[in-house]
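# Tertiary structure, described
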Amino acid sequence: MSFLFGGPRPQPSSAEKIAAAEAEIEMVSNMFNQLVDTCTRKCIPSQYREADLNKGESVCLDRCVAKFFEVNVKVSEKMQGEAAQRGGAAGGGMFGS
C-alpha cells in the first residue's frame, strides 16, 4: 500500500499492457474512421465526375482534416484539465497536496 502515500505505483501486468494497447488502437481506429466519414461527406460529392480529386475537393479535405485534429487536441486538453481538477480535488486527502 505504499503507492497510496507517494511510493512507487504497482507495475501493470502484461495482460493489462496488452488491454491498454488494444484500447488505444481501437480509439485511434475509431477516430480515423470518424475523420474519413466526416470529411468525405463534407468535401466529396456522391456523384463522382473525375477519377482524381479536383482542387476544391482537395483543399476542402485538407482544411477538414486540419480542423478535425485541432478540435480533437482542444477537446483532449479540456478533458485532461478537468480530470486533473477532479484528481486534485479528490486527491487532497488528509495530508493535502
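Scroll up for the structure.
First, a word on what this report is: a plain description of the structure on this page. (Residues numbered from 1 in each chain as written. Predicted model: local features only at pLDDT ≥ 70, side-chain atom pairs only at ≥ 80, totals over all residues. Heavy atoms only, no water.)

Here the focus is the nonpolar core. Formed by Leu35, Cys39, Cys43, Ile44, Leu61, Cys64 and Phe68, the largest nonpolar core amounts to seven residues. Every element with two or more residues in this core is listed here: helix 1 (14–43) and helix 2 (55–90). When sequence neighbours within four positions are dropped, the list of residues in contact with Ile44 reads Cys39, Leu53 and Leu61. (Core = buried A, V, L, I, M, F, W, Y, C linked by side-chain atoms within 4.5 Å. Buried < 20%, exposed > 50% of the residue type's maximum accessible area, 1.4 Å probe, protein only. Helix = DSSP H or I, 4+ residues; strand = E, 2+ residues; numbered from the N terminus. Contact = heavy atoms within 4.5 Å.)

Attention now moves to the pattern of salt bridges. As enumerated under the stated definition, the model contains three salt bridges in all. Across the salt bridge formed by Asp37 and Arg41, the nearest N and O atoms sit 3.1 Å from each other. Here Asp37 pairs with Arg41, and both are found in helix 1, just four residues apart, close to one helical turn. Salt-bridge contacts for Lys74 lead to Glu70; the nearest nitrogen and oxygen are separated by 3.4 Å. In this pair, Lys74 and Glu70 both sit in helix 2, four residues apart, roughly one turn of the helix. A relative accessible area of 51% means that Lys74 is categorised as exposed. Since its relative accessible area comes to 45%, Glu70 is described here as partly exposed. (Salt bridge = Lys/Arg side-chain N within 4 Å of Asp/Glu carboxyl O.)

Put plainly, a disulfide is one covalent bond tying together the sulfur atoms of two cysteines. Inspection of every chain in the model, using the stated rule, returns two disulfides. Each disulfide pairs two cysteine sulfurs, and for Cys39 the partner residue is Cys64, the sulfurs being separated by 2.0 Å. One quick way to see it: the torsion about the S-S bond of Cys39 and Cys64 is about -85 degrees, and its sign makes the bridge left-handed. Within this pair, whereas Cys39 is found in helix 1, its partner Cys64 is found in helix 2, the two being separated by 25 residues in sequence. Of the two residues, Cys39 and Cys64, neither departs from the other in class, the shared state being buried. A sulfur-sulfur distance of 2.0 Å marks the disulfide that ties Cys43 to Cys60. Of note, the bridge from Cys43 to Cys60 carries an S-S torsion of about -70 degrees and is left-handed in sense. Of the two residues, Cys43 sits in helix 1 while Cys60 sits in helix 2, which places them 17 residues apart along the sequence. Using a relative accessible area of 21% as the deciding quantity, one classes Cys60 as partly exposed. Taking only the cysteines that form disulfides and numbering them from first to last, the protein has the pattern 1-4, 2-3. (Disulfide = S-S within 2.5 Å.)

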